[in-house]
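Here are the chains, one letter per residue:
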Amino acid sequence: MMAAVGASEVITQLESAAKVLMAPPSMVSAEQRQHAEHVFLSFRKSKSPFAICKHILETSKVDYVLFQAATAIMEAVVREWILLEKTSIESLRTFLLTYVLQRPNLQKYVREQILLAVAVIVKRASLDKSINCKSIFHEVGQLISSGNPTVQTLACSILTALLSEFSSSSKTSSIGLSMEFHGSCKRLFQEEGLRQIFMLTMEVLQEFSRRENLNAQMSSVFQRYLALANQVLSWNFLPPNYILSLGQSLLLILLRIKQSFWKIREDSDMAQDSLQCLAQLASMHGPVFPDESAQVSYLAHLVEGLLSMINGIEIEDSEAVGISNIISNLITMFPRSILTALPSDLFTSFINCLTLLTCSFGRSAALEEVLDKDDMVYMEAYDKLLESWLTLVQDEEHFPRGCFVQPAIQVFNSYIQCHLAAPDGTRNLSVNGISSHEEEEINELQEDDRELFSDQLSSIGMLGRVAADHCIPLLTSLLEDRVTRLHGQLQRTQQHLMASSDLGSVDRKVLDDLYEDIHWLILVSGYLLADDPQGETPLIPSEVMEFSIKHSTEVDINTTLQILGSPGEKASSIPGCNRTDSVIRLLSAVLRTSEVESRATRASLTELLSPQMGKDIVWFLRRWAKTYLLVDEKLYEQISMPLSTAFGADTEGAQWIVGYLLEKVINNLSVWSSEAELANDTVELLVTLVEKRERANIVVQCESWWNLAKQFASRSPPLHLLSSSVQRSLMKALVLGGFAHMDSDTKQQYWAEVLHPLQQRFLNLINQENFAQISQEEAVKQEIVATLEALCGIAEATQIDNVASLFSFLMDFLSSCIGLMEVYSNTPETINLIIEVFVEVAHKQICYLGETKSMKLYEACLTLLQVYSKNNQSRKRSDATAEEDQYQDLLLIMELLTNLLSKEFIDFSDTDEVFRNQDQGTPASNRTVSAADVVLYGVNIVLPLMSQDLLKFPSLCNQYYKLITFICEIFPEKIPQLPEDLFKSLMFSLELGMTSMSSEISQLCLEALSPLAEQCAKNQEKDTPLFIATRHFLKLVFDMLVLQKHNTEMTVAAGEALYTLVCLHQAEYSELVETLLSSQRDAVIYQRLADAFNKLTASSTPPTMDRKQKVAFLKSLEEFVANVGGLLCVK
Amino acid sequence: MADADLDFQTGDAGASATYPMQCSALRKNGFVVLKGRPCKIVEMSTSKTGKHGHAKVHLVGIDIFSGKKYEDICPSTHNMDVPNIKRMDYQLIGIQDGYLSLLQDSGEVREDLKIPEGDLGKEIESKHEAGEEILVSTLISPSSSSALCPERPLLFQITVLNAMDEEAAIGIKALGK
């Protein structure tokens, strides 16, 4: 089209089209706009547009047209590369560069686009031996040495464009070439170009840093080069890493960057860039260093520079994060041996500097909190430094002994100081020393400090252990002091109340300050004394153990026990109180806090107390009990006498403390039922006490435990006021306790107290004649809900040694629960709860159940599903705007089915071993219901309900795909039997999951394909719907592996699927390969691909479903992807 | 068993209009009295003033009769009134002078309930007009429902809520499905 018309006409046409595109929306119609866009698109596609583009660039005055001309050149060069004379490419490149140089006033976006075209040409040429574009660096070098800021800026833009193009990242232009091409260019560039760019950059930086004064224009050039240096240092290297050649010049570079830092501190953007450069340099590692001594001297240089930099200045807000990043990188990346090889003076200065910096950032962070700043830069910097301390201290054995003790004390002290109120501390003090005290509204979503600051607290706790000699006694004395003051303050308030009895007149400021102090002291104590590992038995930290052992000779055990056993008394009033074990004394201090709290509740001062402090106390006691209570001596090399005497098995101390904790729990549950979180933490403490058999044995000997059980069973106040989740956990604890060691009479009695009332009440209620009528009454509903919650709690308490009795107990309920489905069909929340009971039972118990028991459960579940399905037909759900929780029932049903299926993976049952003596001689051939029946029935319900809209809810989507993958894997033989529409929607779901969901789900779907294909192979029937579906999947998987840029994690799953599909559809596979090959124009690529495909299947010809062959195929596939994977994938 | 405190049989005889419950024990989808009106709780959240403050519960409820929205915030230790709500299903047997004729379980007919205002009222009227005179039968007892002729979708069940001395029809659905 363009060729037919003259150049000037083309320009006119383009310029008027540009006018249309640039016009405001109201001025032009959509058709006009579309037409204008079309003009440009077809212009860019026109053949050999070079002459006309040059002409446009030289004559047109419309920026947008210039921009399009540059784009057209870039696209056409790549498109017509092979046809073009190399000399004309070179001249084109020169033309573009000169063009930009001669027009300093070009619009920025036009200039950048032209330079991009230059960069693309250079990149395309880099792999072409017949053309040499390396002169570009020489040319840029000349531009830089011109000394003209404008020209230097241009040079910087060229280098930036080159970096973006070669980085093969998201910044790289799409030019329709294979990923392999992009990768090769990048590799080549890493070897040479990158280094040249860096050297050029350094030259500029060096030159600028030598100058005394920089004017505005020069400093802007400076900043651009600094950003460029940053980009180079952050280069994402493809292996192998060629930065080696950079090594020698690193020291020089470091020096220069640091020099530059001085010049530019006033400009915070620039300071930011240079700090980032330094952080990159501080993480230098690997083959950059020829040997260890080079690494040491580099580090020494780095540290020296850093120290002189930090010590000489007052750090600005904007620099804190940058500096902490440098230190954190340095500590994380350099091996310990290199750190310790530093001259000891230097190392000491570094540690001292780090200490001061940490304390100072900590104080500034506290200030930020007071001012409630949005941007918490010091907090971020402080977090980074504390994390670095943790790294250092964890490797303590590599460093000189005790070298961290003094720093630890300082950092610990400053942390405590920042968190205590005046006069001991500086909490809430703003710069001018005025304390601010504002009460803000805190919603339930806000995390508790113990989670919000868990990283900080872990570090501080660790430092506290390092300096245990100082920190444990410090915490103890501070806490004892606060508790004494709290006690006094509460007493005074009580007297005040007796006089005025108006709670509103109480000044809470003093109390709140004490609560906040105690809050932090308990949190730090908890993190110092114990860890909270998930799923492991927590051990007493070795530092704490050693500390206790070291002082055990000076300790008077009896006084220690006396301090422990008298939480109601002031510690300092006990004679000889300074000869007590400090670890026990710290626990005692928390118990004293707890005691003051409990007494206040008994004196009806609950309203004055802090629920937050209540949470802190039970949180601490739980963490402590997990680690110290009934300490198991076998787990330790050596054990502290005081600790084993006070908390060991069969000690009075342990018994006393269990009793005390139990009282605490019971008191809390009745006093704090209105504080959900506190009640929750409290019941968690109770669960901790009974979940270990040894502890439970002591618990059940306490009378209060039995009272608690009775009280809960009678469902009377105050326990029935607790939230449902607390009631559930309480039930769980009571059941767990029932499996402690008791004689058989006692045991029988216990269950009669705990479980039987539940059953009795329930049966009495539902067997009433008028149950149908009264069922909707609030009181009845509440009773039902409470029972269902309790059942969930019972299921949660399942362990291998109690499953037999719990299963029988729960089974009796399940059928009645199904009856309730009908009764409560119009209260979704009750329906959900009923399903949840089944979910929990299946989740916790099915893995232990033998064949007959499983079958019973399957039957019950099947009936549940039948009723659910019937009710569901008449159930109205709100429209498309529905929230996720509207579909809770669906989610639960899927969860139930998945749990039932999980038996096929995890099965601990040993032919009803755990049920020995219970059911003998039920022949297995009698089986009536199988897992497959239940699950497929369930799928029949679920599939029609799952729409694409519902898959947008992540929880539903994940659960759904987990379920259908399980089914395909476990019951592939059932899939062909599905009704046609269900089968279709299942297949559609798989395709959808594979192609347009997250990689996790895509992987699940791929995993589902192999069993389906194997199923087809087994049947040997062609033209079944499943057979046809798998043929479609073959193409999908083939395309995914060969043509698309896929996640490498999926190669294995996709490979396995592909292999089984290939086995099944060999002819179709060959056809796919043929089609792909025949579409290749390039003979070389054709050959490479053909060879690769041959190699891929060589080890498995003819493909059979045999494990060995499959493994061989997967291995070849890996090679295949590495060799030609990038060839067909185009960017 | 010691079930003295649990006597469901006497459910409605002499039951008070409301009973107290600690605020924290209320649940979403449950009922509560807000601003003197019986409400279904549609939203419930807690907050506290200051880190050491006590929990306060923020409640949003919908009046079960008028559909109006009410909100309240109160300390979680407070007792709130929970309405005793009765839900009854009657068979609709006629409409006279703006009043519904409803057949009770006992066989008696009550005619003291007005047709509700608004869309529901219109729906009841039009559905009733489409129907005809209908055999008297109760719906809860299963034996009598089998006596109904299932092919005639002309029987309607009216759901009536009773709370705090107020009563209103809140729904209509066809019987005999």
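Residues numbered from 1 in each chain as written. Chains lettered and ligands numbered in written order. Predicted model: local features only at pLDDT ≥ 70, side-chain atom pairs only at ≥ 80, totals over all residues. Heavy atoms only, no water.

Naming follows an unreviewed UniProt entry, where chain B appears as Eukaryotic translation initiation factor 5A of Echeneis naucrates.

The name an unreviewed UniProt entry assigns to chain A is Exportin-4, from the organism Echeneis naucrates. Regarding chain A, the UniProt comment filed under Sequence similarities (unreviewed entry) reads as follows: "Belongs to the exportin family." (UniProt positions renumbered as here; feature names shortened; annotations may be inferred.)

Engineer: When you look at the interface of chain A and chain B in this model, what are you seeing that I'm missing?
Structural biologist: Interfaces are often described in size by the accessible area the parts lose on coming together. The interface is formed by 49 residues belonging to chain A together with 35 residues belonging to chain B. A combined buried area of about 3300 Å² lies between chain A and chain B, and 48% of that area is made up of carbon and sulfur atoms. On the chain A side of the contact with chain B, A:Ile442, A:Ser674 and A:Glu778 bury the most area, a combined 16% of that side's loss. Applying the counting criterion to the chain A and chain B interface returns three salt bridges. In this structure, the salt-bridge partner of A:Glu441 is B:Lys56, at a minimum N-O distance of 3.1 Å. Linking chain A with chain B are 16 residue pairs in polar contact (both at pLDDT 80 or more), by the criterion used here. Elements represented by at least two residues in the side of chain A that touches chain B include exactly β1 (441-443), α23 (508-529), α27 (611-628), α35 (756-766), α36 (771-774) and α37 (778-796) of chain A. Taken together, the residues that form the side of chain A that touches chain B break down as 14 nonpolar, 17 polar and 18 charged. In terms of strand pairing, β1(A) meets strand β3 (residues 37-49) of chain B through three bridges, oriented antiparallel. Its bridge partner being in β3(B), A:Asn443 is matched across the sheet by B:Ser47. (Contact = heavy atoms within 4.5 Å. Buried area = accessible area lost by both parts, 1.4 Å probe. Salt bridge = Lys/Arg side-chain N within 4 Å of Asp/Glu carboxyl O. Polar contact = N/O pair within 3.5 Å; in protein donor to acceptor, adjacent residues only side chain to side chain. Helix = DSSP H or I, 4+ residues; strand = E, 2+ residues; numbered from the N terminus. Nonpolar A, V, L, I, M, F, W, Y, C, P; charged D, E, K, R; others polar. Pairing = 2+ DSSP bridges.)

Engineer: I tried to follow the side chain of A:Arg728 on my own but got confused; where do I start?
Structural biologist: Residues and elements named next belong to chain A. Structurally, Arg-728 can be placed in helix α33 (residues 724-737). Classification of Arg-728 by relative accessible area gives buried; the value is 12%. Looking at Arg-728, its side chain comes within polar contact range of the side chain of Glu-836, at 3.0 Å. Each residue touching Arg-728, except ones within four places of it in the same chain, is listed here: Glu-789, Cys-792, Gly-793, Glu-796, Leu-833 and Glu-836. (Buried < 20%, exposed > 50% of the residue type's maximum accessible area, 1.4 Å probe, protein only.)

Engineer: I keep staring at the pairing of strand β2 (residues 31-34) of chain B and nothing clicks. Help me out?
Structural biologist: Walk down a regular strand and you will see the side chains alternate between the two sheet faces. Residues and elements named next belong to chain B. Burial of the side chains of β2 extends over both faces: Phe-31 and Val-33 are buried on one face and Val-32 and Leu-34 on the other. Relative to β3, β2 runs antiparallel, the two being bridged by four bridges. Following the sheet pairing, Val-33 is matched in β3 by Pro-38. Between β2 and β3, which pair antiparallel one after the other, the connecting turn spans two residues, and Lys-35 there sits at a positive phi close to 50°.

Engineer: Explain the side chain of A:Ser1116 to me, please; I cannot follow it from the model alone.
Structural biologist: Residues and elements named next belong to chain A. Positionally, Ser-1116 belongs in helix α50 (residues 1107-1128). In terms of polar contacts, Ser-1116 uses its side chain to reach the backbone carbonyl oxygen of Ala-1112, at 2.9 Å. Non-local contacts of Ser-1116, meaning those with residues more than four positions away in its chain, are made with Lys-1095, Leu-1096 and Ser-1099.

Engineer: What is the right way to look at unusual backbone geometry in this model?
Structural biologist: The phi angle of most residues is negative, glycine excepted, and most peptide bonds adopt the trans form. Going from A:Ala422 to A:Pro423, the amide bond is cis rather than trans, its omega being 5°. Checked against the element boundaries, A:Pro423 lands in the loop between α19 (405-419) and β1. Look at A:Asp650: it is not a glycine, yet its phi comes out positive at around 55°. Mapping A:Asp650 onto the fold places it in the loop between α28 (641-647) and α29 (652-671). Overall, A:Asp650 belongs to the exposed group, its relative accessible area being 78%. One non-glycine residue, B:Asp97, adopts positive backbone phi at about 50°. Its relative accessible area of 77% is what places B:Asp97 among the exposed residues.

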